[in-house]
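Listed below are the residues making up each chain.
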Amino acid sequence: MEMSSLLERITDQIAPLRGSGEVADYIPALARADPDRFGIAVAEVDGGVHGAGDWEAPFSMQSISKVFTLAMVLAEGDDTLWRRVGREPSGNPFNSLVQLEHERGIPRNPFINAGALAVTDQLISLTGDAVGNLLEFLRTESANPALPIDDEVAISERAHADRNLALAHFMASYGNMRNPVDDVIDQYVRQCSIAMSCHDLAEAGLLLARHGVRRDGSGYLSRSQAKRINAIMLTCGTYDAAGEFAYHVGIPGKSGVGGGILAIVPGRCAVAVWSPGLDRRGNSVAGVAALDHFTTLTGWSVF
Ligand SMILES: NC(=O)CC[C@H](N)C(=O)O
């Protein structure tokens, strides 16, 4: 089946799920998203790009940004990150505090909030303007020089950041924070507020489908680094639902509470889906279902 028809078919298949789940409301600016919306885009390593539904509509990338900040730290050749962040699935909600005390301020992995805060902290130390560099990187890789930071979302999240402030201060109390907590939170909420469409995300995600090679053909990550990021996406990218996601979808994926999910078929393509209604683990209901259909219909999987 042609890719475009396949995506249209998936859009029809998930239609009954539009509007299911709950839109994230702990960040007030996200609560206004329309839960009926759905988009899907596929960017293939040979250059083909296809989409269906609202695939050109921008939304808040939220935790999908964690994939790219991790890539940027590793691309700097800085493996010291792994002294302060683990690589195991957490089995806990993305913003949980409890595990952090048991494990003495070392977050389980870079894709839960605590781990991502440590990554952002490290990126600030390495590059100064972490979010500025991230935005430039995403603009280049998505070939969309107009990608914006949605200031309304950033301000809204900053004003309701008590949980993330608590995580960052807690890590600081264990000596696992190098920059002032307020600076790290400022950068973190801005990175989460970058607005991208499924089209933009699939294009940017090609970095991982191409084993670390950038849009212009230059090497960014080694093959092994790209493999490792994909591995962490598979095991930790959908939080305490990562097992279910691997079981049903079978490819690496990273979700965000804006309702987006970026998934990678290494060597083939990057797939981005978006629908704002979330399940109780914070993953898009229609988005997960669409990826399940996608890997079923294509037969593509890492297994
Ligand atoms: N899972 C997410 O997308 C969480 C990101 C959100 N900005 C937060 O820190 O709570």
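These numbers were taken from a predicted model, which means no experiment stands behind them.

A. The arrangement of the UniProt feature "binding site: substrate" in the protein chain in detail. When the UniProt feature table is mapped onto this chain, "binding site: substrate" is found at Ser63, Asn113, Glu157, Asn164, Tyr188, Tyr239 and Val257. With respect to the element layout, Asn113 can be found in helix α4 (residues 113-127). The exposure class assigned to Asn113 is buried, which follows from the 23 C-beta atoms found within 10 Å. Leaving out residues up to four positions away in the same chain, Asn113 has contacts with Phe94, Asn95, Asn164 and Leu167. Mapping Asn164 onto the fold places it in helix α7 (residues 162-173). Among residues more than four places away in sequence, those in contact with Asn164 are Asn113, Leu117, Ile185 and Tyr188.

B. Structural detail: unusual backbone geometry. Its identity as a non-glycine residue notwithstanding, Arg104 has a phi of 50 degrees, on the positive side. Tracing the chain through its elements places Arg104 in the loop between α3 (98-102) and α4. Arg104 sits in the exposed class, given 11 other C-beta atoms within 10 Å. With a phi close to 60 degrees, Ala143 is a non-glycine residue in the positive phi region. Locating Ala143 in the fold gives a position in the loop between α5 (130-142) and α6 (151-159). Under the C-beta neighbour-count criterion, Ala143 is labelled partly exposed, with 13 such atoms within 10 Å.

C. Looking closely at the sheet that holds strand β5 (residues 253-255). On the basis of which strands lie adjacent, the open sheet formed by five strands has the order β2-β1-β7-β6-β5 and antiparallel pairing. The open sheet is flanked by β2 (49-53) and β5, the only strands paired with a single partner. Between one strand axis and the next, the sheet turns through 10 degrees on average, direction left out of account. Direction of pairing for β5 relative to strand β6 (residues 260-265): antiparallel, over a ladder of three bridges. From the neighbouring strand, Gly253 faces β6, where its bridge partner is Ala263.

D. Focus on the packing of α4 against helix α8 (residues 181-192). Axis separation between α4 and α8 bottoms out at 9 Å; the angle between their running directions is 105 degrees. Relative to α8, the element α4 is oriented roughly perpendicular. Across the interface between the two elements, Ala116, Leu117, Thr120, Asp121 and Ile124 from α4 touch Asp183, Val184, Gln187, Tyr188 and Gln191 from α8. Each residue belonging to the contact of α4 with α8 can be placed in one class, and the counts come to five nonpolar, three polar and two charged.

The rules behind the values
Residues numbered from 1 in each chain as written. Predicted model: local features only at pLDDT ≥ 70, side-chain atom pairs only at ≥ 80, totals over all residues. UniProt positions renumbered as here; feature names shortened; annotations may be inferred. Helix = DSSP H or I, 4+ residues; strand = E, 2+ residues; numbered from the N terminus. Buried ≥ 20, exposed ≤ 12 C-beta atoms within 10 Å, placed from the backbone. Contact = placed C-beta atoms within 7 Å. Pairing = 2+ DSSP bridges. Axes fitted to C-alpha atoms, helices over the stretch in contact; angles between N-to-C directions. Parallel < 35°, antiparallel > 145°, perpendicular 65-115°, else oblique. Nonpolar A, V, L, I, M, F, W, Y, C, P; charged D, E, K, R; others polar.

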